[in-house]
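Single-letter residue listing:
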Amino acid sequence: MFKKILGGLLAFGVLVLAIFLLIAWESSIEPVSASNSDAFSKEQINRGEVLAGLGNCETCHTTDPNKPLAGGRAMPTPFGTLYSTNITPDPKTGIGQWSEEAFARAMREGVARSGSHLFPAFPYTHFTKMSDDDISDLYAYIMSQPAIQAEPPENTLEFPFNIRLLLAGWKLLFFDEGRYETDTSKSDVWNRGAYIAEGAGHCSACHTPRNALGAEDAGKAWDGAIINNWYAPALNASNPTPSSWTETEAYEYLRNGGSRFHGVAVGSMADVVHDGLKQAPDNDLRSLAVWLSDLAQASDEQQASKRSANAIRAVHNTQNPSVMMDEGERLFTYACAACHYNEADSPSALRPDMALNSAISAPTPINLIRVTLNGVSLKEGLPEAMMPGFSQALSDRQITSLLTYLRATHTDQPAWENLEQHVRDQRPQTQAQ
Ligand code: HEC
Ligand code: HEC
Ligand code: HEC
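Definitions and limits used
- Residue numbering note: each chain is counted from 1, following its sequence as written.
- The lettering of chains begins at A and the numbering of ligands begins at 1, in the order of writing.
- For a predicted model such as this one, the threshold for reporting local features is a pLDDT of at least 70, and the threshold for listing and counting side-chain atom pairs is 80 or more; totals across whole chains, interfaces and linings nevertheless cover every residue.
- Only hydrogens and water are set aside when side-chain values are computed; all heavy atoms of the structure are taken into account.
- Note on donors: an N, O or S atom is included if it sits within 2.8 Å of the metal, or within 3.2 Å for Na, K and Ca, and water is never included, so sites can look incomplete.
- A run of DSSP states H or I qualifies as a helix once it reaches four residues; a run of E qualifies as a strand once it reaches two. Both are numbered from the N-terminal end.
- For Phe, Tyr and Trp, rings pair up if their centres lie within 6.5 Å, where Trp contributes its six-membered ring, and each pair is then called stacked (planes under 30 degrees apart), edge-to-face (over 60) or tilted (otherwise).
- The cut-offs for exposure are 20% and 50% of the maximum accessible area for each residue type, with area from a 1.4 Å probe on protein chains only; residues under the lower value are buried, those over the upper are exposed, and the others partly exposed.
- Geometrically, a charge over a ring is one whose NZ (Lys) or CZ (Arg) sits within 6 Å of the ring centre while staying within 35 degrees of the ring normal.
- What marks off one domain from the next here is an automatic or database domain assignment.
- By the convention used here, residues are in contact when the closest approach between their heavy atoms is within 4.5 Å.
- Throughout, the accessible surface (probe 1.4 Å) given up by two parts as they are put together, summed over both, is called the buried area.
- Note on definitions: salt bridges are taken to be side-chain nitrogens of Lys or Arg within 4 Å of carboxyl oxygens of Asp or Glu.
- For the purposes of these results, a polar contact is taken to be a pair of N or O atoms within 3.5 Å, where, inside protein, one atom must be able to donate a hydrogen and its partner to accept one; residues adjacent in sequence count only when each atom of the pair is a side-chain atom.
- Whether a residue is near a molecule or strand depends on its heavy atoms: if one lies within 4 Å, it is near.
- Side-chain classes are defined by residue name, with Ala, Val, Leu, Ile, Met, Phe, Trp, Tyr, Cys and Pro counting as nonpolar, Asp, Glu, Lys and Arg as charged, and the others, Gly among them, as polar.

Caption draft 1: Main features of the coordination of the iron atom of ligand 1. The sole protein-derived ligand of the iron atom of ligand 1 is His61 (NE2), positioned 2.0 Å away. Along the chain, the position of His61 falls in helix 3 (residues 57-61).

Quick look at the structure:
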């Protein structure tokens, strides 16, 4: 009897394994000799360049700026470090031997030419939504770039996360292959914006929290998440800043890197705006803005400016110069206020207003701490402006009282917990980025 059950279980196990292997196994695609870039038209390559920007290919696939797309960028995950690959057309170390079919399969299904499954740190869960024409144009662009010989370092993922075959199981659970589907209840412009955001732009890869297995948590879509030690704020209506993302402000932010009612793009978002969206035509950014303001359930432009003016006025009104200032207020007045003061009705994007800024109302203080320590470089935010860092001038304790003061007086959000510990944690890391 016992033997029979055991035998049955074993047979069942073998069957499950066989089915899994059948699903998991992907064939390799024949190599092609290094492709001839004359095969592509100039227009096709130019369109592909815009798509490569929207997809941030260069940001993730470059370590040395003199070797664009040659890979090797470390991507720390909770399971170990993964390195991006060389996607230049070098036949040995890059993807020079990949036919368009092999390239399209990688973008759509997350499978390399050899047939092995790719890790979803490569956002194919989004790129799968791109149209055939767009994938073709992207291939033309990538294959027309200089071939660079470079081998990325070996991944250091722990067992069992280093077994690529197991990714087939991950895909069964978390990956829907398929093109973007038009939402017929929305306008063409909205659909264009959503197509870019969900597909090439992979915006939710950073703005949506992930589950324990590294997949985006659909139940918390657009709720905001920590990525690369930055906080990517909620883009839906749960964003706690006083003024919502209207079309005008969303466009300004995505085109120029800053909005008068919000703040400027720093950290990973600076890469998105200044490297990624730079080549994108105005129409595409306007479409993204239409989609974004709908997602944020933005109020109309007049309402938004009224709310921002009220928020600034509320802070001005509660400050009473005759009362003794505490340490936080004193530090803010002397170290920050000269550059961060606005008239209520005309805030300037060049002086992000603390009453409006996302970093101050965010659920985590990391963006505010990093900006206070390191400032804002010329490559971030608005190109014509920069902010000095205060890591030398202020101690951890001083920064803690300054940010506690800002949080308490410039937002209606609860105090951050363990703030001083957060400041301490950010100090060594901030030097690197
Ligand atoms: C968020 C970072 C990130 C972005 C953005 C990104 N990639 Fe990748 N990509 C990776 C990583 C990491 C791998 C390696 C995955 C693995 O080893 O399983 C990879 C692998 C690939 C591969 C498979 C190459 C091989 O040798 O197996 C291709 C092709 C590729 N990426 C193309 C692109 C293109 C084209 C874009 C832009 C549209 C892009 N990637 C954007 C991180 C990224
Ligand atoms: C690589 C990660 C990453 C990707 C991809 C990304 N973002 Fe962001 N985003 C961030 C981070 C981090 C911030 C916070 C930056 C700051 O505070 O200046 C941010 C900030 C923003 C903000 C400002 C939010 C606020 O309340 O201040 C908007 C709007 C935004 N992103 C839109 C987008 C859109 C649209 C896309 C896709 C085209 C996108 N993001 C893709 C990381 C990312
Ligand atoms: C010399 C002028 C100056 C001083 C002093 C200064 N800032 Fe700034 N700050 C700026 C400018 C300019 C920007 C926008 C930079 C850009 O767009 O490139 C900025 C941006 C910011 C942002 C917005 C970041 C975002 O993601 O939107 C925050 C927060 C900030 N500063 C906080 C502070 C704090 C806190 C202090 C005091 C410790 C301070 N600043 C002192 C000029 C200054």
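Past the structure itself, the notes keep going.
Caption draft 2: Inspection of the packing of aromatic side chains at higher detail. Scanning the model with the defined rule gives 11 aromatic pairs in all. Note on Phe122 and Tyr124: the rings are 5.7 Å apart at their centroids and 70 degrees apart in plane angle, and the pair reads as edge-to-face. For Phe122, a relative accessible area of 23% translates into the label partly exposed. For Tyr124, a relative accessible area of 0% corresponds to the buried category. Seen in terms of ring centroids, Phe332 and Tyr405 are 6.0 Å apart; in terms of plane orientation they differ by 40 degrees. Their pairing is tilted. Taken as a pair, Phe332 in helix 14 (residues 327-336) and Tyr405 in helix 17 (residues 396-410) lie far apart in primary sequence, 73 residues in all. For the residue pair Phe332 and Tyr405, the accessibility class agrees, reading buried in each case. Through pairs of rings, three or more aromatic residues link up here, namely Phe122, Tyr124, Phe127 and Phe175. The ring of Tyr251 has Arg286 lying over it, and the distance from NZ or CZ to the ring centre is 3.7 Å. One Lys or Arg, Arg370, reaches over the ring of Trp230 and ends 4.1 Å from the middle of that ring.

Caption draft 3: Representation of the domain arrangement of the protein chain in the model. Under the domain assignment used here, the protein chain contains domain 1 (2-174) and domain 2 (191-209 + 216-430). Using only C-alpha atoms to locate each centre, domain 1 and domain 2 end up separated by 34 Å. With 14 residues of domain 1 at the interface, the matching set in domain 2 holds 18 residues. Carbon and sulfur atoms supply 57% of the area that domain 1 and domain 2 bury against each other, a total of about 1500 Å² over both sides. Taken together, the links from domain 1 to domain 2 amount to one salt bridge. Glu198 serves as the salt-bridge partner of Lys129, at 3.1 Å between the closest nitrogen and oxygen. Applying the counting rule to domain 1 against domain 2 returns six residue pairs in polar contact (both at pLDDT 80 or more). Where the side of domain 1 that touches domain 2 is concerned, the elements lending two or more residues are helix 2 (42-54) and helix 5 (124-127). Tallying contributions element by element places helix 2 first for the side of domain 1 that touches domain 2, with four residues.

Caption draft 4: Inspection of the site of ligand 3 at higher detail. Taken together, the neighbourhood of ligand 3 is formed by 24 residues, with Cys336, Cys339, His340, Ala385 and Met387 sitting nearest. Interatomic distance of 2.7 Å between a side-chain N/O atom of His340 and a nitrogen atom of ligand 3. Backbone polar atom of Ala385 to an oxygen atom of ligand 3: 2.8 Å apart, as the coordinates give it. Among the elements that make up the shell around ligand 3, the one with the highest residue count is helix 16 (residues 366-374) (three residues). Classifying every residue of the shell around ligand 3 by side-chain character gives 18 nonpolar, five polar and one charged.

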